Every structure is written in structure tokens, then in C-alpha cells.
Amino acid sequence: MENQNNVTEFVFMGLWGNKQMELLFFFLFLLCFLAILMGNFIILLTIICSHLIEQPMYYFLCHLSLMDLCYTSTVVPRLIRDLGAARKNISYNNCMTQLFTAHLLAGVEIFILVSMALDRYVAIVKPLHYMVIMSRRRCNLLIFMAWSVGFWHSVALLLLVLNLPFCGLNQIDHYICDVKPLLKLVCRDIRVVNILVISNSGMVAVVVFLVLVASYILILYNLRTHSSVGRRKALSTCSSHVMVVILFFVPCIYIYVLPAGSENKDKEISVFYTVIAPLLNPLIYTLRNMEMRNAMWKVWSKMAHTKFR
């Protein structure tokens with residue numbers, strides 16, 4: 001059967017059908033979005049304007065904050081707009097653009113988290129060779145690989161969706177254009193497509209998560225030989241990474257390992273990695289990190305001194 005596409009726009013059903021609830025969450029998500037922008041901007045500014053940018057861990061954290069800023073800016077402004085709108089529509093082309101951009105940035109973020117785990121592993125297991133192994137050239141290469149993997153992951157998903165026929169139904173039971181809610185609107189058998197999506201997104205998320213868990217188990221094992229002060233400092237840093245990894249990966253795994261059409265709470269759970277994780281990341285990395293707090297104080301003191309001189 002030849003693919004046909006009679007749909008020129010989609011209509012989001014949103015998170016809730018209740019108008020009072022939507023108005024309440026309009027203000028809540030607006031405050032969250034402003035907090036995400038401010039928190040991640042502060043981290044970016046602090047790292048770039050201080051000596052921390054020379055350290056691989058903070059170099060990766062800088063890129064992670066940039067991804068959080070870009071990802072939430074792709075998803076949250078439209079969510080806020082739709083919460084206050086009577087009709088939550090998006091054109092077919094804009095929907096495909098959002099799908100591609102969101103998966104590109106999420107893919108890059110996943111592999112930045114892998115790079116951060118690798119950095120901590122080398123710092124704790126091979127401290128004498130740390131600066132040689134985690135050189136700036138190698139860090140740049142890891143960031144380039146993250147963008148390459150994210151790009152090909154999102155291209156594969158986009159091509160998959162572009163070749164699917166949408167023959168009339170255009171109501172997306174979600175607040176963003178994502179592959180699973182779009183598959184529910186396809187007017188042909190999607191069993192093979194489901195397997196491809198689970199392989200591309202679900203299984204990749206599971207494998208990467210297991211690799212990250214294994215790396216942190218190895219780090220904990222190697223901490224036995226460190227002094228109590230060194231062990232405490234390493235545990236503080238690694239626990240921050242582990243919290244961020246859990247916040248991001250657990251909801252992703254829940255959503256993408258289940259096939260489209262199954263009854264689950266996809267749109268509610270996705271709020272964890274679209275809003276909550278980017279909101280909490282700056283708090284996790286600043287409140288638990290003395291070095292970051294000190295650098296932040298120095299940068300803002302320097303800026304205040306320059307302004308009032």
C-alpha cells in the first residue's frame with residue numbers, strides 16, 4: 001500500500017482536560033521555566049568565567065547545562081503557550097522539527113552524562129594519568145561524539161516517522177510531538193515500527209543506563225583504597241551524578257521500552273525529564289558542590305565589584 005498523508009496539522013490533547021488545572025499549571029510551569037533558565041545560565045556563567053572551565057568535569061557540566069537550556073526551550077515554551085490556549089495545534093512541519101530537535105538534544109545529553117561518568121571513573125581509578133587521559137582534545141572529541149550519536153539517533157527516528165501514513169486522525173494524546181503518541185495515529189500495522197523505535201530509543205537508554213550503573217559500582221569499589229577525606233569528596237561528586245542519571249534515565253526507560261498503544265502514563269512521566277530534571281540539575285550540582293559554590297561567589301563578587309567601581 002502506498003504511503004499517504006492527509007494531515008497538515010496536529011492538535012495536542014495536553015496534560016489535563018480541566019481548564020482550571022491548566023491555568024494553575026500555566027503559572028507553575030512558567031515559574032519552572034524561568035528557574036531553569038536562571039539556574040543553568042548561572043552555572044554556564046560561573047564555569048566560563050572561572051578557572052573551573054579548565055577542569056574536564058566542569059567542562060562537561062557546562063555542556064550539560066547548555067543542553068538543558070536548549071532542550072527545555074524546545075519543549076516548555078510551547079507547553080506553557082498551549083496551557084493558556086483554547087486550541088493546542090501545531091503544523092505537521094513544526095511537529096517534525098520539534099521531534100527531531102528534542103531527540104537530538106536528548107541524545108547529546110545522554111552521551112554527555114556518559115562522558116561525565118567516564119571522567120569520574122578515570123579521576124578515581126587512574127588519578128595519576130587523569131590529566132593525560134582526560135585532555136582537552138579528548139574532551140572535545142567526546143562532545144563531538146555525543147553530537148554525532150545524537151544526530152544519527154534523531155535522523156533515524158525522523159525518517160521513520162516521515163515514512164508513516166497519517167490518514168485523518170490528528171489528535172496527539174500528549175503535549176509534545178514525540179514518536180510514541182504519533183505512532184498511535186498511523187493508519188497501518190505498526191508492529192515492526194514499534195520494534196524499531198524500542199531498539200532505537202528504549203534499548204539504547206537501557207544499555208547506557210546499565211553501563212553508567214556499572215561504572216559507578218566500579219568507582220565505589222575502587223574508593224576502598226582512598227583516604228576518608230578523598231572518599232567523602234568523591235562520594236559527594238558521584239552522588240550528584242547518580243541523582244541526575246536516575247532523574248533522566250528512569251522516566252526515559254519507562255516510556256521508550258513499552259510499545260506504542262500500551263496504556264501507560266507517558267505524558268505525565270515525561271514531565272520528569274522535560275521539566276523536573278533540568279530544574280533540579282543546577283540545584284544538585286551547586287548545593288552539593290563546595291568548589292562550585294566558591295567559584296560562583298567569586299564570579300558574582302567580581303562582577304559586582306566591576307559594576308560599582
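In case you missed it, the structure is sitting above this.
Model, not experiment: these values are computed from the prediction. (Residues numbered from 1 in each chain as written. Predicted model: local features only at pLDDT ≥ 70, side-chain atom pairs only at ≥ 80, totals over all residues. Heavy atoms only, no water.)

Draft legend 1. Main features of the overall build of the protein. Each helix and strand in the protein was counted, giving 11 helices and 3 strands. Traced from its N-terminal end to its C-terminal end, the protein shows the element sequence β-α-α-β-α-α-α-β-α-α-α-α-α-α. Summarising its shape, the C-alpha atoms of the protein cover approximately 65 × 45 × 30 Å along the three principal directions. Taken over 309 residues, the protein has a buried fraction of 49%. For the protein, long-range pairs separated by at least 24 residues make up 80% of all intrachain contacts whose partners lie at least 6 apart in sequence. Of the roughly 15,500 Å² of accessible surface on the protein, a fraction of 69% belongs to carbon and sulfur atoms. The average position of the 26 basic charges and that of the 15 acidic charges among the side chains of the protein differ by 13 Å. (Helix = DSSP H or I, 4+ residues; strand = E, 2+ residues; numbered from the N terminus. Buried < 20%, exposed > 50% of the residue type's maximum accessible area, 1.4 Å probe, protein only. Contact = heavy atoms within 4.5 Å. Areas by Shrake-Rupley, 256 points an atom, 1.4 Å probe, with all protein chains shown as cover. Lys, Arg positive; Asp, Glu negative; His and termini not counted. Charge placed at Lys NZ, Arg CZ, Asp CG, Glu CD.)

Draft legend 2. Just the environment of V271, in detail. Tracing the backbone shows V271 in helix α10 (residues 271–287). Look at V271 and you get buried, because its relative accessible area is 12%. When the C-alpha atoms of V271 and N170 are compared, they prove to be 22 Å apart, with 101 residues separating the residues in sequence. Setting aside its immediate chain neighbours within four residues, V271 contacts L15, F29, Y175 and I276.

Draft legend 3. Broad picture of the nonpolar core. Core analysis: the largest hydrophobic core is formed by 99 residues, its most contacted members being F10, F29, L61, F166, L182 and F249. Element by element, the count of residues in this core is highest for helix α3 (residues 92–125), at 18 residues. Those residues in contact with F10, other than ones at most four positions away along the chain, are K88, N89, I90, Y92, C95, M96, F166, N170, I172, L182 and L185. (Core = buried A, V, L, I, M, F, W, Y, C linked by side-chain atoms within 4.5 Å.)

Draft legend 4. How the structure looks around α10. A rise of 1.5 Å per residue sets the reference length of α10, with its 17 residues, at 24 Å; its end C-alpha atoms lie 23 Å apart and thus fit the reference within 8%. The largest bend in α10 is about 40 degrees, located at A277, with the proline P278 one to four residues further on. Residues of α10 that are buried include every one of V271, Y273, T274, V275, A277, P278, N281, P282, I284, Y285 and T286, and no others. (Expected span 1.5 Å × (residues − 1). Bend = angle between axes of the 7 residues up to and from the residue.)

Draft legend 5. Representation of the state of the cysteines in the model. Applying the stated criterion across every chain, the model contains 1 disulfide. Note that C95 is cross-linked by a disulfide to C177, the S-S spacing being 1.9 Å. Of note, the bridge from C95 to C177 carries an S-S torsion of about -120 degrees and is left-handed in sense. With a gap of 82 residues between them, C95 in helix α3 and C177 in the loop between β3 (171–172) and α6 (179–183) connect regions that are remote in the sequence. (Disulfide = S-S within 2.5 Å.)

Draft legend 6. Region of the structure containing a nonpolar patch on the surface. Among the surface-exposed residues, L23, F27, L30, L31 and L34 lie close enough to one another that they form a single nonpolar patch of about 490 Å² accessible area. Mapped onto the elements, L23 comes out in helix α1 (residues 19–48). (Patch = residues over 30% accessible without salt bridge, like charges linked within 9 Å, V, L, I, M, F, W, Y side chains within 5 Å. Salt bridge = Lys/Arg side-chain N within 4 Å of Asp/Glu carboxyl O.)

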